[in-house]
Amino acid sequence: MSYLPQTVGEQVRVARIAAMERAKAAICAAQAKEAYGLEQDIIARHEDEGVYKENPSRGTGAEVALARMEAQHLGPRFVSYAKSVIEHMPFTYDALVRGELNEERAMLLARVTNHVDPGVRELVDRGIAGERGSLEGVGTKELLARAKKEVLAYDNTVDMINHADAMKKRRISLTMMPDGMMRISGLLPVIQGVAIKEALVKALAKRRRVDDERTDSQVVADTVVERITGQDRAARIPLMINLVMTDRTLLVGDSEPALIKGYGTISAEYARWLITGDRTGPDGVNTAETWVRRLYTTPTNGELVAMESEARILPQKLKDLIAVRDQYCRTPYCDAPIRHYDHVYQVVKGGKTTEANTDGRCVWCNQTKETSGWEEAVVLGPRHTILITTPSGQMYRSMAPPLPGTYESPPRPANDLLLTSP
């Protein structure tokens, strides 16, 4: 049944959208106030219990992140923002309540002024948002420029530190794209960035063979790959690929997609092509010399073959299995890469080193689960499932992502799950 909108006119609809946007901003302000109050409640409880004296607000960020359906590292950031605008940026907070600012821009102002003296922060807050209507029509980039200008007028310490720390903050990241590609990006000090640019310009300037039909963009990409991997040719890099697939996909020509660890889902046809040993691609270009480790899933629920160990430290083979099963940090809404392999039900409580009782977590989330009152257990589910209970009593379920061959069944309510033995 198609949706037939009621005829109310363009002006009314635009007015409604604007009113809803202001309402959203006001709700965001109320949410910040609740996060601020939650932190005070948790601090008071920890003081009564006599725990976490060095960090009395421990666990606040984790609770807020789960409630906002965000990754764990974003929770403390939001709590810090809420505390900043409520305690030191009243004009920014009032502008958010009135809908003159949205949450993104209010958080931007808090972040830009985060490292200055509270007194300076209050002056900047008054200078930017102190007058009603002063932020009307101001975009994000203009607001950022105004904030930086105000901060630097009072204090340039952070700016100088940032320039001095540029070498420490350099980084490169790889992002999986949905079109069979991976994006490489990074942040480098200016001198290193210029050096890379000059090297690529020189590579383009070299005389190419007559039969070299590569475009300039392809030459740049190949040069980067060859310099990083040390290979003579970018198209012939030896790889070890963990390929997860069903036996039907390999042997019967089934269309069930497969999974490459470190990238994601690929088509069944491409998975079979990787295994055939034909290293000439559809366009005639030789591809990487690839060793494929085939990992099979069960035909009913897509689970990998389980592995067990008596050791407290997870053996590498078990870590490999968990990495393929979980793919990302298992905390709900957290898409961070796996850095720690840990026991769901802790060893000190009697937890065993089994495939069922281990999972992959990022560093942040693995440390968060050690907070007093934080409980986790493996429960029954269509796939590997963890039930998380936070200190406030909230319950969240984390289910491993579906692997090839998974039959999706409706999720069961959290209060209807049966705990398995640890």
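Residues numbered from 1 in each chain as written. Predicted model: local features only at pLDDT ≥ 70, side-chain atom pairs only at ≥ 80, totals over all residues. Heavy atoms only, no water.

### Overview of the environment of Val112
Here is step 1: Looking at the secondary structure, you find Val112 in helix 5 (residues 103–112).
Here is step 2: Dropping the residues within four chain positions of it, Val112 is found in contact with Leu144, Ala147, Lys148 and Val151. (Helix = DSSP H or I, 4+ residues; strand = E, 2+ residues; numbered from the N terminus. Contact = heavy atoms within 4.5 Å.)

### Quick notes on helix 2 (residues 60–67)
Here is step 1: Burial analysis of helix 2 places seven of its eight residues in the buried class, the great majority of the element.
Here is step 2: The complete set of buried residues in helix 2 reads Thr60, Gly61, Ala62, Glu63, Val64, Ala65 and Leu66.
Here is step 3: Buried residues in helix 2 make contact with helix 1 (10–49), helix 3 (74–87), helix 14 (363–368) and strand 11 (395–399).
Here is step 4: At the C-terminal side of helix 2, Met69 shows a positive phi close to 60°. (Buried < 20%, exposed > 50% of the residue type's maximum accessible area, 1.4 Å probe, protein only.)

### As for helix 4 (residues 90–98)
Here is step 1: Considered for burial, the residues of helix 4 that qualify are Thr92, Tyr93, Ala95 and Leu96. For helix 4, the angular spread of the buried residues around the axis is 160°, confining them to a single face.
Here is step 2: In the core, the buried residues of helix 4 are packed alongside helix 1, helix 3, helix 5 and helix 6 (118–129).
Here is step 3: Looking one or two residues past helix 4, Gly99 carries a phi angle of roughly 90°, positive in sign. (Arc of directions from axis to C-beta.)

### So, the side chain of Ser84
Here is step 1: Among the structural elements, Ser84 can be located in helix 3.
Here is step 2: Residue classification places Ser84 among the buried residues on the basis of a relative accessible area of 7%.
Here is step 3: A polar atom in the side chain of Ser84 sits 2.9 Å from the backbone oxygen of Ser80.
Here is step 4: If sequence neighbours within four positions are ignored, Ser84 has contacts with Met89, Ala110, Asn114 and Arg121. (Polar contact = N/O pair within 3.5 Å; in protein donor to acceptor, adjacent residues only side chain to side chain.)

### Description of the nonpolar core
Here is step 1: Grouped together as the largest cluster of nonpolar side chains are 29 residues, with contacts concentrated most on Phe78, Tyr81, Leu101, Leu109, Ile128, Leu135 and Leu143.
Here is step 2: Contributions of two or more residues to this core are made by helix 1, helix 3, helix 4, helix 5, helix 6 and helix 7 (140–154).
Here is step 3: In terms of residue count, the dominant contributor to this core is helix 3 (five residues).
Here is step 4: Excluding its chain neighbours within four sequence positions, the residues that come into contact with Phe78 are Gln31, Ala32, Ala35, Val64, Arg68, Glu103 and Met107.
Here is step 5: Residues Ala62, Val344, Trp374 and Ile386 belong to the second largest nonpolar core, which totals eight residues. (Core = buried A, V, L, I, M, F, W, Y, C linked by side-chain atoms within 4.5 Å.)

### A closer look at the packing of aromatic side chains
Here is step 1: Scanning all chains against the criterion turns up one aromatic pair.
Here is step 2: Ring centres of Phe78 and Tyr81 lie 5.4 Å apart, and the angle between their planes is 55°; on these two criteria the pair is classed as tilted. Pair noted here: Phe78 and Tyr81 are both in helix 3, with a separation of three residues, about one helical turn.
Here is step 3: Look at Phe78 and you get buried, because its relative accessible area is 1%.
Here is step 4: Geometry around Phe78 places Arg68 over its ring, the cationic atom sitting 3.8 Å from the centre. (Phe/Tyr/Trp six-rings, centres within 6.5 Å; stacked < 30°, edge-to-face > 60°. Lys NZ or Arg CZ within 6 Å of the ring centre and 35° of its normal.)

### Concerning unusual backbone geometry
For residues besides glycine, phi is generally negative; the peptide bonds are generally trans as well.
Here is step 1: Even without being a glycine, Gln327 presents a positive backbone phi close to 70°.
Here is step 2: Along the polypeptide, Gln327 turns up in the loop between helix 13 (316–326) and strand 7 (340–343).
Here is step 3: Here the phi dihedral of Tyr333 falls at roughly 70°; this positive angle occurs in a residue that is not glycine.
Here is step 4: Counting through the fold element by element, Tyr333 comes out in the loop between helix 13 and strand 7.

### Describing the pairing of strand 1 (residues 171–176)
Regular strands place side chains that alternate from one sheet face to the opposite one.
Here is step 1: The element strand 1 is largely exposed, with a buried count of zero among its six residues.
Here is step 2: Where strand 1 and strand 2 (residues 182–187) come together, six bridges link them in antiparallel fashion. Of the residues in strand 2, the one forming a bridge with Thr175 is Arg183.
Here is step 3: Hairpin geometry of strand 1 and strand 2 is characterised by an intervening segment of five residues between the two adjacent antiparallel strands and by a positive phi of about 80° at Gly180. (Pairing = 2+ DSSP bridges.)

### Digging into the packing of helix 1 against helix 3
Here is step 1: Packing of helix 1 against helix 3 brings their axes to within 8 Å, and their N-to-C directions diverge by 100°. For the element pair helix 1 / helix 3, the angle class is roughly perpendicular. Contact residues: Gln31, Ala32, Lys33, Ala35, Tyr36 and Glu39 in helix 1; Phe78, Val79, Tyr81, Ala82, Lys83, Ile86 and Glu87 in helix 3.
Here is step 2: Residue composition of the contact of helix 1 with helix 3, by class: eight nonpolar, one polar and four charged. (Axes fitted to C-alpha atoms, helices over the stretch in contact; angles between N-to-C directions. Parallel < 35°, antiparallel > 145°, perpendicular 65-115°, else oblique. Nonpolar A, V, L, I, M, F, W, Y, C, P; charged D, E, K, R; others polar.)

### Here we look at the pairing of strand 11
Here is step 1: Side chains of strand 11 alternate between two faces, with Tyr396 and Ser398 buried and Met395, Arg397 and Met399 left unburied.
Here is step 2: Counting the residues between successive antiparallel strands, the hairpin from strand 10 (residues 385–389) to strand 11 contains five residues, one of them, Gly393, with a positive phi of roughly 95°.

### Re the environment of Lys83
Here is step 1: Within the fold, Lys83 resides in helix 3.
Here is step 2: Residue classification places Lys83 among the partly exposed residues on the basis of a relative accessible area of 34%.
Here is step 3: Spatially, the C-alpha atoms of Lys83 and Ala32 are 8.0 Å apart, while their sequence positions differ by 51 residues.
Here is step 4: With sequence-adjacent residues up to four places away left out, Lys83 is seen in contact with Tyr36, Glu39 and His88.

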